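Analysis of the macromolecular model
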2 protein chains.
Amino acid sequence: MSELPKYYVYKMRILEMIADLPPGTLIPTERTLALDFGTSRTTVRKAIGELVAEGKLTRTQGSGTYTGGPKITHVRQLTSFTEDAQAIGYTPSSEILEIEQLRVDGSHAVEAAHMHLAPGAPFVRVRRIRLGNGEPLGLETACIPGELAGFDERLRERGSLYATLREDFGIRITEVEDGVETYLAGPEEVRLLKVEMGSPLLRIDRTGFDDDGKVVEWTVGRFCGDRFRFVARTRAA
Amino acid sequence: MSELPKYYVYKMRILEMIADLPPGTLIPTERTLALDFGTSRTTVRKAIGELVAEGKLTRTQGSGTYTGGPKITHVRQLTSFTEDAQAIGYTPSSEILEIEQLRVDGSHAVEAAHMHLAPGAPFVRVRRIRLGNGEPLGLETACIPGELAGFDERLRERGSLYATLREDFGIRITEVEDGVETYLAGPEEVRLLKVEMGSPLLRIDRTGFDDDGKVVEWTVGRFCGDRFRFVARTRAA
DNA sequence: CGGCCAGATTGGTCTATGCCAATCTTGTGC
DNA sequence: GCACAAGATTGGCATAGACCAATCTGGCCG
């Protein structure tokens, strides 16, 4: 017996098989591969499962398993998703799920902590799906402290959160802090982002400050790790 | 039957079980949990597997499954691992695996592309394990274009790559671009970082530029997604 | 020709089971 | 008491098979 697990050996063999295939190519079925390799379907599934998590394959129940495409690179500087996505050359869009004007209560402990808000303080919460070229890339929840009259209509009109804050409400974000960590997809992400249960996501949270160092934005996004790449460029002081 | 997969239901039940437990607490065995839940061990393993990938549990063969600790946050500005890690309050260290003075050949296609080097051009490659408080956090491979005489000794002496480049070789990095994406652990990461096969990692690549915009550093790191959090802070122009 | 339905195909989940490898425990012999 | 070896425990890997759900295909019928 080899030193490596079988499923990992097959993973590498499948990787070779698909290396030169164009994106979207159908590969043999799990049952076929199991027969070819002389192993069980369970083992093949584990191998394919990792390749799916890495974005090299995609599975569709009832249809088959296909090769995947290249990653989309996302440069995030002092701009927003909408603003900088356009500059890179893919078409960004958003689907608004929910806009609410809220007041801090017991169920907003996390938000309140990040924005330094006392119980009862007003804030706006926006939940959106982020799309690139029509494909869902991530799920983003943005919170802005304060009471913003007519925010709903303004945002739907402009499309860009940052532009709306700047143009319509005079809120200027001059410094941001981005945090990135890994996260595994749960039911909500599966449903909205069309990823597999348990596939790794990038959890990106952003805190935006104004000139006075006050927190004027707090956003959490869960982006597909296999379709997304976070880039930050930093200059010397 | 519920709409959610069983393994996901059990994952949540286990999550509740361990919510209030201190880090390092032993939880029941997989076989016990399978009996308690009235399900198979395979299903319990899948549930536990995801919790492990998220860093909430750790498994040790022959010993048992234990609750995990909180994440370490890593702020990365225009500094290096060594330099900024100290500021946060945990003890960073490195274990040098390999230092080589190389020349670009066919096996260095990726490195050559990122550093804009022609075949035959010299560069130094350093492979290190990054530790925080003695625990392995990541695996980093740094490449620096050029022929750096006595680099090996200087680096081992100083410990910090950036300090060595700056103090001993007059190389100043004034701008960096960091990229972050997800990655799954393979055999090498399993061996060196003590993570599970297939667990999600943060793959962080950094390109460093000097005043002239020339690439003077290219680094790739694979950091434990469950122990690591990447933070970038950006100011307005 | 177009629309619809039945069956085949394919991935998704789960079970039951076996053996291996790392670790821990226990007891024996010195 | 201590060291070491044997056995028990625990997670790691793999198998074979079953059933479900989504999808696709092909043929029938209007």
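Here's what I pulled together on the structure shown here. Quick caveat: nothing in here was measured; it's all calculated off a predicted structure.

What follows is about the packing of aromatic side chains. Residue and element names in this part refer to chain A. Applying the stated criterion across every chain, the model contains four aromatic pairs over all chains. Taking the centre distance of 4.7 Å and the plane angle of 5° together, the rings of Y10 and F37 count as stacked. With a gap of 27 residues between them, Y10 in helix α1 (residues 6-19) and F37 in helix α2 (residues 30-37) connect regions that are remote in the sequence. Both residues of the pair, Y10 and F37, count as buried.

Relating the two copies of this chain is a rotation about some axis coupled with a shift parallel to it. Expressed as a screw operation, the relation of chain A to chain B combines 0.1 Å of axial shift with a rotation of 180°, fitting to an RMSD of 0.1 Å. A rotation of that kind, with that shift, is consistent with a two-fold axis. When C-alpha distances to the rotation axis are compared across chain A, the minimum falls at A:P200, with a value of 3.0 Å. The fraction of interface residues of chain A whose copies in chain B are also interface residues reaches 100%, indicating that both copies meet through the same surface.

It is worth spelling out the protein's contact with DNA strand D at this point. Among the 24 residues in the neighbourhood of DNA strand D, the closest are listed as A:K6, A:T39, A:T43, B:R41 and B:R45. Of what DNA strand D places within 4 Å of the protein, 65% of the atoms are sugar or phosphate. Here a phosphate oxygen of DNA strand D and a side-chain polar atom of A:T43 are 2.4 Å apart. The contact in question runs from a phosphate oxygen of DNA strand D to an N or O atom on the side chain of B:R59, over 3.1 Å. Every element with two or more residues in the surface near DNA strand D is listed here: α1 and α3 (41-53) of chain A together with α2 (30-37), α3 (41-53), β2 (57-60) and β3 (64-67) of chain B.

Once that is clear, we can look at the interface of chain A and chain B. Contacts between chain A and chain B engage 39 residues on the former and 40 residues on the latter. Together chain A and chain B conceal approximately 3600 Å² of surface at their shared face, both sides included; 53% is due to carbon and sulfur atoms. Summed over the shared surface of chain A and chain B, the result is zero salt bridges. Counting across the interface, chain A meets chain B through zero residue pairs in polar contact (both at pLDDT 80 or more). Secondary structure elements with two or more residues in the side of chain A that touches chain B: α1, α3, β8 (175-184), β9 (200-209) and β11 (228-235) of chain A. Here the side of chain A that touches chain B gets nine residues from one element, more than from any other, and that element is β8(A).

Here we take up the sheet that holds β2(B). For sheets, the rule is that strands pair by backbone hydrogen bonds, running either parallel or antiparallel. With respect to topology, three strands assemble into an open sheet ordered β1-β3-β2 (chain B), the strand pairing being antiparallel. Every other strand in the sheet has two partners, leaving β1 (26-27) and β2 of chain B as the edge strands with one partner each.

Our next topic: the side chain of A:T164. Residue and element names in this part refer to chain A. With respect to the helices and strands, T164 occurs in helix α7 (residues 161-169). In this structure T164 comes out as buried when scored by relative accessible area, which is 0%. One polar contact links the side chain of T164 to the main-chain carbonyl oxygen of S160, over a distance of 2.7 Å. Excluding anything up to four places from it in sequence, T164 contacts F151, R154, L155, R158 and F169.

Our next topic: the protein's contact with DNA strand C. DNA strand C sits among 25 residues. The nearest are A:R45, B:K6, B:T39, B:T43 and B:Q61. When the atoms of DNA strand C within 4 Å of the protein are grouped by moiety, sugar and phosphate amount to 63% of the total. Between A:R45 and DNA strand C, the recorded distance is 2.7 Å, taken from a side-chain N or O atom to a phosphate oxygen. The separation between a phosphate oxygen of DNA strand C and a polar main-chain atom of B:K6 is 2.2 Å. Counting only elements with at least two residues in the surface near DNA strand C, the list comes to α2, α3, β2 (57-60) and β3 (64-67) of chain A together with α1 (6-18) and α3 of chain B. At four residues, α3(B) tops the list of elements feeding residues into the surface near DNA strand C. The residue inventory of the surface near DNA strand C, partitioned by class, reads two nonpolar, 14 polar and nine charged.

By size, the foremost hydrophobic cluster in this structure holds 16 residues, and its most contacted members are A:V180 and B:V180. Elements that contribute at least two residues to this core include exactly β9 and β11 of chain A together with β9 (200-209) and β11 (228-235) of chain B.

Moving on, we come to helix α7 (residues 161-169) of chain B. Along α7(B), the positions that sit buried rather than exposed are B:L161, B:Y162, B:A163, B:T164 and B:L165. For α7(B), the capping residue at the N-terminal end is B:S160, with a side-chain oxygen 3.5 Å from the backbone nitrogen of B:Y162.

Turning our eyes to something else, we now look at the pairing of β9(B). Residue and element names in this part refer to chain B. Among the ten residues that make up β9, nine are buried, leaving the element largely enclosed by the rest of the structure. Of the strand pairs in this sheet, strand β8 (residues 175-184) and β9 are connected by ten bridges, and their pairing is antiparallel. Opposite E175, over in β9, you have F209 as the bridge partner. Taken together, the nine bridges between β9 and strand β10 (residues 215-224) define a ladder with antiparallel strand orientation.

What follows is about the sheet that holds β3(A). Residues and elements named next belong to chain A. Overall, antiparallel pairing links the three strands, which are arranged β1-β3-β2 in an open sheet. The open sheet has two free edges, formed respectively by β1 (26-27) and β2, since each of these has just one partner strand. Here α3 sits on the sheet and contacts β2 and β3; the angle it forms with β2, its principal contact strand, is near 115°.

To continue, consider the pairing of β3(B). All names here are of chain B. Of the strand pairs in this sheet, β1 and β3 are connected by two bridges, and their pairing is antiparallel. Residue pairing in the sheet places I27 in a bridge with T65 of β3. The sheet contact formed by β2 and β3 spans four bridges and is antiparallel. Each bridged residue has a counterpart across the sheet, and for T58 the counterpart in β3 is Y66. Linking β2 to β3, which pair antiparallel, is a turn of three residues; within it G62 sits at a positive phi near 85°.

Two measures define how a pair of helices packs: the angle their axes make with one another and the distance between the axes. Residue and element names in this part refer to chain A. For the pair α2 and α3, the least separation of the axes is 8 Å and the interaxial angle reads 110°. By the angle between their directions, the pair α2 and α3 is classed as roughly perpendicular. For the pair α2 and α3, the crossing hand works out as right-handed. Listed contacts from α3 to E30, R31, L33, A34 and F37 of α2 are R41, V44, R45 and I48.

Rules used in this analysis
- Residues numbered from 1 in each chain as written.
- Chains lettered and ligands numbered in written order.
- Predicted model: local features only at pLDDT ≥ 70, side-chain atom pairs only at ≥ 80, totals over all residues.
- Heavy atoms only, no water.
- Phe/Tyr/Trp six-rings, centres within 6.5 Å; stacked < 30°, edge-to-face > 60°.
- Helix = DSSP H or I, 4+ residues; strand = E, 2+ residues; numbered from the N terminus.
- Buried < 20%, exposed > 50% of the residue type's maximum accessible area, 1.4 Å probe, protein only.
- Least-squares fit on C-alpha atoms with pLDDT ≥ 70 in both.
- Contact = heavy atoms within 4.5 Å.
- Near = heavy atom within 4 Å.
- Polar contact = N/O pair within 3.5 Å; in protein donor to acceptor, adjacent residues only side chain to side chain.
- Buried area = accessible area lost by both parts, 1.4 Å probe.
- Salt bridge = Lys/Arg side-chain N within 4 Å of Asp/Glu carboxyl O.
- Pairing = 2+ DSSP bridges.
- Nonpolar A, V, L, I, M, F, W, Y, C, P; charged D, E, K, R; others polar.
- Core = buried A, V, L, I, M, F, W, Y, C linked by side-chain atoms within 4.5 Å.
- Axes fitted to C-alpha atoms, helices over the stretch in contact; angles between N-to-C directions.
- Parallel < 35°, antiparallel > 145°, perpendicular 65-115°, else oblique.
- Left-handed = near helix turned anticlockwise from the far one by under 90°.

Keep in mind these values describe shape, not function.
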